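One-letter residues, chain by chain:
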Amino acid sequence: MPVTPTSHHRFSARILDWGSLAEIARELEATDSDPEGVGIMARKGRVYPVRLDGVPLKAAPLLKQELLAVGGDAAHARGIADHSASSTREILLATWGQYQHLLPKLRRQPFGLAELADEVERALRAYVRRAPRTVRGAHRSVTLGERPRVMGVLNVTPDSFSDGGRYLDRAAAVARAEKLVADGADLLDIGGESTRPGAEGVSPEAEWARVGPVLGALAGRLGVPISIDTRHPEVARRAIEAGADLVNDVEGLRSEAMRSVVARTGAAALVMHMRGTPTTMQSELGYEDLRSEVYRFLADATDLARADGIAEESLLVDPGLGFGKSPEQSLELLLHVGELRALGYPVAVGASRKSFLGWATGADDPLDRLEAGLAAAVLAGERGVALVRTHDVRPTVRVLRLLERVERIRRKAPSTDEGLASVLPEGPYGR
Ligand code: HH2
């Protein structure tokens, strides 16, 4: 079609909707740019904002100065200029290439900037990393990463919020477990205590009486690893002996005895954020800075776990949607769940049937929240979550298949790797 003199689109100006370094490189390549130029420009294609907490007064101005010198910038408290603040939150604004110049310079600076540089580099690399990784369990391992995996929920309880009482009978529980695996679950999460808001805790003995026989019946029969959803070290220990591979602890391994069980048995651990206990968690929803608090909690919990002998390859993290959070807070955490990737562990999320989905969609009955749960699974998968915990395994597996296809396009490597090797972390190429 001929271009008219009044055309508003003579040059087809469009804003490129790119995310990963690989996508950036592919788009640059499509301009027939020099392959070496593609490598150089790819690292300029996107700003990675890094948020830091507690940057000391002396370090903050230096940090801003060094960022400005490489063409980036940094935001910190006004009180840094007049020395009324002793430390500050800070956001670094720089491209991958600018960080490559910045970090070696920071390593030569005083006031903790060398340590800060190491932490920023670890966070950046962890954030863009999308290579599959194997999570080591007590008996079996599970490979996460090339697509979001699905953890099917089996509640052997009388009072779980969406399926309480349905699988208390051993035969019903075993049949349900087999169905979840046939539906495509990559992992099974078995729980004997409801952790719904306000739930009264059960004793370890009562909990074991529920899950023990089911685990006994499933051990060796199920084709996928088993996770035990428990806050009790004694239940975790017995479950691992009976064949469980992973401990899903909604209290985030805050008990030393729990960390010791996980370390001794070589089990994997899913570390979830929650304030208080399920009985008390909804009574205080005021967070000064929700995402920072969840991040800090998970960073401290995983540091403690590793200090107590739990292997790095055995840990996963989870923001604990609905656990001591208002519906809006759960949605905020879901929207930003990708930030947790910077911690360096695979991220898991459980949104299935939860009340914040009902709040958002008007579906009062937990069983009527399937579509919302699927949308949440897609949001989570889009943000690089490695594991989705759900009651609705079959539809979740299906929507995540679509996401997998889309991800493959996002991650497709550019045809030439020249110049990119120094920019991009080990393949497949990152976010
Ligand atoms: N949610 C529930 C239970 N355990 N574990 C992790 N890691 N993440 C979650 O989001 C999570 C969890 C609550 O769901 P459900 O097990 O269905 O309910 P109940 O606690 O009432 O048994």
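Conventions we followed
- Residues numbered from 1 in each chain as written.
- Predicted model: local features only at pLDDT ≥ 70, side-chain atom pairs only at ≥ 80, totals over all residues.
- Heavy atoms only, no water.
- Core = buried A, V, L, I, M, F, W, Y, C linked by side-chain atoms within 4.5 Å.
- Buried < 20%, exposed > 50% of the residue type's maximum accessible area, 1.4 Å probe, protein only.
- Contact = heavy atoms within 4.5 Å.
- Domains from an automatic or database assignment.
- Buried area = accessible area lost by both parts, 1.4 Å probe.
- Salt bridge = Lys/Arg side-chain N within 4 Å of Asp/Glu carboxyl O.
- Polar contact = N/O pair within 3.5 Å; in protein donor to acceptor, adjacent residues only side chain to side chain.
- Helix = DSSP H or I, 4+ residues; strand = E, 2+ residues; numbered from the N terminus.
- Pairing = 2+ DSSP bridges.
- Right-handed = clockwise from strand over helix to strand, strands pointing away.
- Near = heavy atom within 4 Å.
- Areas by Shrake-Rupley, 256 points an atom, 1.4 Å probe, with all protein chains shown as cover.
- Nonpolar A, V, L, I, M, F, W, Y, C, P; charged D, E, K, R; others polar.
- Axes fitted to C-alpha atoms, helices over the stretch in contact; angles between N-to-C directions.
- Parallel < 35°, antiparallel > 145°, perpendicular 65-115°, else oblique.
- Left-handed = near helix turned anticlockwise from the far one by under 90°.

Formed by 66 residues in total, the largest nonpolar core has its most connected members in Leu-154, Ile-190, Leu-218 and Leu-253. In this view, Leu-154 contacts Tyr-167, Ala-173, Arg-176, Ala-177, Leu-180, Asp-189, Ile-190, Gly-191 and Val-214; residues no more than four positions away in its chain are not counted. One finds Ala-42, Ala-59, Leu-67 and Leu-124 within the second-largest nonpolar core, a separate group that totals 32 residues.

What follows covers the domain arrangement of the protein chain. You can read the domains of the protein chain as domain 1 (47–128) and domain 2 (133–410). When each unit is reduced to the centre of its C-alpha atoms, the spacing between domain 1 and domain 2 is 34 Å. Note on domain 1 versus domain 2: buried area summed over both sides is about 550 Å², and carbon and sulfur give 39% of it. The largest contributions to the domain 1 side of the interface with domain 2 come from Arg-89, Ala-126 and Tyr-127, which together make up 70% of the buried area. At the junction of domain 1 and domain 2, the tally comes to 3 salt bridges. Arg-89 serves as the salt-bridge partner of Glu-288, at 2.9 Å between the closest nitrogen and oxygen. Here domain 1 is connected to domain 2 by 4 residue pairs in polar contact (both at pLDDT 80 or more). The set of elements that each furnish at least two residues to the side of domain 1 that touches domain 2 consists of strand S1 (47–56) and helix H5 (113–128). Broken down by element, the residue count for the side of domain 1 that touches domain 2 peaks at 4 residues, all from H5.

A few words now on the pattern of salt bridges. Per the stated rule, a full pass over the model turns up 33 salt bridges. Linking Arg-389 and Asp-229 is a salt bridge whose minimum nitrogen-to-oxygen distance equals 3.2 Å. Of this pair, Arg-389 sits in strand S13 (residues 387–390) while Asp-229 sits in strand S8 (residues 226–229), placing them 160 residues apart in sequence. The partner of Asp-300 in a salt bridge is Arg-296, with the nearest N and O atoms 2.9 Å apart. In this pair, Asp-300 and Arg-296 are both assigned in helix H10 (residues 290–307), 4 residues apart and thus about one turn of the helix distant. When its relative accessible area of 37% is taken as the criterion, Asp-300 is described as partly exposed.

Glancing now at the pairing of strand S11 (residues 315–318). Looking along a regular strand, one sees the side chains alternate between the two faces of the sheet. Every second residue of S11 is oriented toward a common face, with Leu-315 and Val-317 on one face and Leu-316 and Asp-318 on the other, all of them buried. Bridge analysis of strand S10 (residues 268–272) against S11 gives 4 bridges, and the strand direction is parallel. In the sheet register, Val-271 faces S11, and the bridge partner there is Val-317. Read from S10 through H10 to S11, the crossover connection turns out right-handed.

What follows concerns unusual backbone geometry. Of note in this structure, Leu-253 is not a glycine but carries a positive phi near 55°. Positive phi is not limited to glycine here, since Arg-353 has a value of about 65°. Topologically, Arg-353 is positioned in the loop between strand S12 (348–350) and helix H12 (355–361).

Our focus in this paragraph is the side chain of Ser-314. Here Ser-314 shows up in the loop between H10 and S11. Look at Ser-314 and you get buried, because its relative accessible area is 2%. Once residues lying within four places of it in the same chain are set aside, the contact partners of Ser-314 are Val-135, Arg-136, Ala-267, Ala-268 and Ala-269.

On to the site of the ligand, then. The full set close to the ligand counts 17 residues, and Ser-160, Ser-194, Thr-195, Lys-354 and His-391 are the nearest of them. Within the contact set of the ligand, an oxygen atom lies 2.7 Å away from a backbone nitrogen or oxygen of Thr-195. Here a nitrogen atom of the ligand and a side-chain polar atom of Asn-248 are 2.8 Å apart. In isolation the ligand exposes 480 Å². Once the protein is present, 98% of that is buried. Partitioned by chemical class, the residues of the shell around the ligand number 5 nonpolar, 7 polar and 5 charged.

Here the focus is the sheet that holds strand S2 (residues 73–76). Strand pairing in a sheet relies on backbone hydrogen bonds. The paired strands run either parallel or antiparallel. In space, the 3 strands of this open sheet follow the order S1-S3-S2, with antiparallel pairing throughout. Two strands in the sheet have a free side with no partner beyond their single neighbour: S1 and S2. Taken over all neighbouring pairs, the strand axes of this sheet differ in orientation by 20° on average, direction set aside. The pairing of S2 with strand S3 (residues 87–95) spans 4 bridges and is classified as antiparallel. From the neighbouring strand, His-76 faces S3, where its bridge partner is Glu-90. Of the strands in this sheet, S1 and S3 touch helix H4 (residues 96–106), which is tilted by about 120° from S3.

Take the environment of Lys-64 next. As for its placement among the helices and strands, Lys-64 is situated in helix H3 (residues 59–69). Sequence separation of Lys-64 and Val-271 is 207 residues, and the distance between their C-alpha atoms is 34 Å. With sequence-adjacent residues up to four places away left out, Lys-64 is seen in contact with Asp-73, Ala-74, His-76 and Glu-90. There is a polar contact of 2.8 Å between the side chain of Lys-64 and the backbone oxygen of Ala-74.

This paragraph deals with the packing of helix H8 (residues 233–241) against helix H9 (residues 256–265). Following both chains from N to C, one finds H8 and H9 inclined at 15°, their axes separated by 8 Å at the closest point. Comparing their axes, H9 and H8 come out roughly parallel. Classified by chirality, the crossing of H9 by H8 is right-handed. Residue-level contacts link Pro-233, Ala-236, Arg-237 and Ile-240 of H8 to Ala-257, Met-258, Val-261 and Thr-265 of H9. Counted by class, the contact of H8 with H9 contains 6 nonpolar, 1 polar and 1 charged residues.

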